[in-house]
Amino acid sequence: MLGQMMEMPLTIGSLIEHAERYHPKTEIISVETSGERTTSNWKEVGQHARMLASALGKLGIANGDRCATIAWNNRRHLESYFGISGGGMVCHTINPRLAPEQLAFVANDAQDKVLFFEQSFLPVIEKIHTLLETVQYFVVMGPRDDAAAQSIPGLLFYDDLLETGEADAPWPDVDERAASSLCYTSGTTGDPKGVLYSHRSTLLHTLVGNQPDGIALSAQDTVLPVVPMFHVNAWGVPYIAAANGCKLVLPGPNLDGESILALIDETETTMALGVPTIWMNLLTALEASESTLPSLKRTVVGGAPLPPSMIPKFAAYGVELLHAWGMTETSPVATINQFLQRHSALSDSEKTDLRTNQGRPLFGVDLRLLDENKQLLPHDGKTQGDLQVRGHWVVKRYFGKDSDALTDDGWFDTGDVSTIDEDGYMVIRDRSKDIIKSGGEWISTVELENIAIAHPHIVNAAAVAARHELWDERPIVVAVKAPNTSPVEADILAFYKGKIQSWQIPDAVIFVDTLPIGATGKVQKVELRKQFGEHLIEKGKNNA
Ligand code: ADP
């Protein structure tokens, strides 16, 4: 016997419809690429999204067609998210920092029909537009600009295009299993691969990801997604904000510490989300400023390991850091670090220790660990293995591939090496491609980095393997000094003593002005290995 309840499809159109109807006046603050700050609201975003969907329909763009965006976090990008997906098309967010040939590769791979881009990218698009085999319409995300109009034949302008659509056009019926958006992995450890999300996977992530033990945003929050909208849909925040009527602050292109600090203080942001490098830069800016960060209560930190030393530094400003783990393939939030009831009895330092792990799975996500022979490992908090995941918002097959990306029994192999304890708290020990194998023993780069970053004269550090004749690989640390300090290698190496076993202590510390950071804010260890992989051999330090 079937249940006898209403069945409404879980669609992105229904999200924006809700925000427009029940949170019409809630503000959306947007920093435009020009630096101008504009204010709109959910009503206007919803109307514009419907106008865009109907305008695209009039251009002949059909259900399932891919419409790409190359844009920072701003109001038009938000409208495009809802307009494209709500209208039944697929919103393909492209990383603006891709090299022009990679950009063409990704747009051709996705077979994009429309390419929306900010005017600042016009010179690049002008150069490569003839390489974009499937794109029928190029749309500048701004008002009409007669000079720019000459650059690409038939160039359209977003604000003009909207005018051709209808503000009262209803959202079309869309199958909840239909594709809604397409995001390529950032390619930190390999070629980018497309992950095609569905309305259903997005809505389930929206509903479950925001429960009280998840991201926990409410209509009382002012939310700043520093995480880019081209990176796993800004961790789902635009959808969560629409479902809950949050006030949104979209930061535009300038994500340096000073700009983010000013934006948080001026908009009274209560919750912000981003990768650890964003928060490191914010801390440096904060320490050099008079601000006490009065409005900010919480941040979600993910995408790379949260350095434990950051937790008390933010706590001093009354900010709680919530550590979360996910991937493009898990769209993205899979685990988040929220406490259990019994943890309220812990001391502050025990709580800080607990906060450093990547947290417990949300309902709808399941984790397991396997050894190299594909045997299941215990969840005892000590045994380390390959992390596999399955769940309602986890990839099944990469876009355009003929076979599933799963194990025979239906799990996705994350490429991360982890431990899981009996409560489900997971620790990422490393990425399998980054972990260092010294004389047959594994050394976690995350652990080496956390220690270096805890040194008061180091602001950021990355540990990588350097080739070694005797041990195959030995760890070296590439570090950025704190302003106005002058640590030397011996100081940093001495700092490791007693914190880890002596054979795990790095063989060298190299100081650099900056670390290579990818478009999604992650340290590019591939680059560091290229640059410093032979350091020990060259320095004759390979016969220890
Ligand atoms: P890329 O693999 O190109 O970096 P993703 O953005 O999908 O693209 O990154 C997912 C990976 O980022 C995870 O597999 C994991 O290695 C890493 N990661 C994400 N969140 C965390 C975290 N909180 N701690 C440690 N590593 C993380």
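K.L.:
Got a sec to walk through the sheet that holds strand S18 (residues 385-391)? Specific residues and values, please.
P.N.:
Across the sheet, four strands lie side by side as S17-S18-S19-S20; this open sheet has antiparallel pairing. The sheet is open, and its two borders are formed by strand S17 (365-370) and strand S20 (426-431), each paired with just one other strand. Going across the sheet, the axis of each strand differs from the next one's by a mean of 50 degrees, ignoring polarity.

K.L.:
Kindly report on helix H4 (residues 100-110), identifying the contributing residues and their values.
P.N.:
Regarding H4, the residues found buried are Leu-103, Ala-104, Val-106, Ala-107, Asn-108 and Ala-110. Positive backbone phi, approximately 55 degrees, marks Gln-111, located one or two places after H4.

K.L.:
Tell me about the packing of helix H1 (residues 12-22) against helix H3 (residues 75-86), residues and numbers included.
P.N.:
Closest axis-to-axis distance for the H1/H3 pair is 8 Å, and the angle between their directions is 130 degrees. On the basis of the axis angle, H1 is oblique to H3. Viewed along their axes, H1 and H3 form a crossing whose handedness is left-handed. In this structure, H1 contributes Ile-12, Gly-13, Leu-15 and Ile-16 to the contact, and H3 contributes Phe-82, Ser-85 and Gly-86. Class assignment for the residues of the contact of H1 with H3 results in four nonpolar, three polar and no charged.

K.L.:
Talk me through the packing of H1 against helix H10 (residues 237-244); I want residue IDs and the actual numbers.
P.N.:
One can describe the packing of H1 onto H10 by two numbers: an axis separation of 7 Å at closest approach and a directional angle of 45 degrees. With respect to each other, H1 and H10 are oriented oblique. Every pair of crossing elements has a handedness; the one defined by H1 and H10 is left-handed. For the pair H1 and H10, the contacting residues are Ile-12, Leu-15, His-18 and Ala-19 in the first and Tyr-239, Ala-242 and Ala-243 in the second.

K.L.:
I'd like to hear about the sheet that holds strand S4 (residues 90-93), residue by residue, with values.
P.N.:
The sheet built from seven strands is open, its strands ordered S7-S6-S5-S3-S4-S8-S9 with mixed pairing. Two strands close off the open sheet at either side, each with one partner strand: strand S7 (156-157) and strand S9 (194-198). Sheet topology note: the strand S3 (residues 66-70)/strand S5 (residues 112-117) ladder contains five bridges and is parallel. Directly across from Ala-68, in S5, lies its bridge partner Leu-115.

K.L.:
Lay out the environment of Leu-255 in plain terms, naming residues and giving numbers.
P.N.:
Counting through the fold element by element, Leu-255 comes out in the loop between strand S11 (247-250) and helix H11 (257-267). When the C-alpha atoms of Leu-255 and Val-139 are compared, they prove to be 25 Å apart, with 116 residues separating the residues in sequence.

K.L.:
Kindly report on the packing of aromatic side chains, identifying the contributing residues and their values.
P.N.:
With the rule as written, the count across this model stands at eight aromatic pairs. Judged by centre distance (6.3 Å) and plane angle (65 degrees), the ring pair of Trp-72 and Phe-230 falls under edge-to-face. Taken as a pair, Trp-72 in the loop between S3 and H3 and Phe-230 in the loop between strand S10 (222-225) and helix H9 (232-235) lie far apart in primary sequence, 158 residues in all. The residues Trp-72 and Phe-230 share a single accessibility class, namely buried. With centroids separated by 5.9 Å and ring planes inclined at 85 degrees, the aromatic side chains of Phe-82 and Tyr-239 adopt a geometry described as edge-to-face. Of this pair, Phe-82 sits in helix H3 while Tyr-239 sits in helix H10; the two residues are 157 residues apart in sequence, bridging distant segments of the chain.

K.L.:
Give a description of the environment of Ser-291 that names residues and reports values.
P.N.:
For Ser-291, the location among the structural elements is in the loop between helix H12 (276-287) and strand S13 (298-301). The buried category is assigned to Ser-291, whose relative accessible area is 16%. Residues Ser-291 and Tyr-317, 26 residues apart in the sequence, show an inter-C-alpha distance of 9.5 Å. For Ser-291, the side chain forms a polar contact with the side chain of Asp-265, separated by 2.7 Å.

Criteria and cut-off values
Throughout, residues of each chain are indexed from 1 in the direction in which the sequence is written. Totals for whole chains, interfaces and linings use every residue, but because this is a predicted model, local features are given only for residues with pLDDT of at least 70 and side-chain atom pairs only at 80 or more, for both listing and counting. With hydrogens and water stripped out, all remaining heavy atoms of the structure feed into the side-chain values. Note: two strands are recorded as paired if DSSP finds a minimum of 2 bridges between them. Here a helix means four or more residues in a row that DSSP labels H or I, a strand means two or more in a row labelled E, and each is numbered from the N terminus. Orientation is described by axes fitted as lines to C-alpha atoms, over the contacting stretch for helices, and by angles from 0 to 180 degrees between their N-to-C directions. Exposure categories follow from relative accessible area, calculated using a 1.4 Å probe and restricted to protein chains: below 20% of the type maximum is buried, above 50% is exposed, and the middle band is partly exposed. Every angle not falling under 35 degrees, over 145, or within 65 to 115 is termed oblique; those three ranges are roughly parallel, roughly antiparallel and roughly perpendicular. Two helices that cross are described as forming a left-handed crossing if the nearer one is turned anticlockwise from the farther one by less than a right angle, and a right-handed crossing if clockwise. Contact criterion: two residues are considered in contact whenever any of their non-hydrogen atoms come within 4.5 Å of each other. Three categories are distinguished: nonpolar for Ala, Val, Leu, Ile, Met, Phe, Trp, Tyr, Cys and Pro, charged for Asp, Glu, Lys and Arg, and polar for the others, with Gly belonging to the last. In this analysis, rings of Phe, Tyr and Trp, with Trp reduced to its six-membered ring, are considered paired at centre separations within 6.5 Å, and the interplanar angle assigns stacked below 30 degrees, edge-to-face beyond 60, and tilted for intermediate values. Counted as a polar contact is a pair of N or O atoms within 3.5 Å, where, for protein atoms, one must be capable of donating a hydrogen and the other of accepting one, and residues adjacent in sequence contribute only when both atoms are in side chains.

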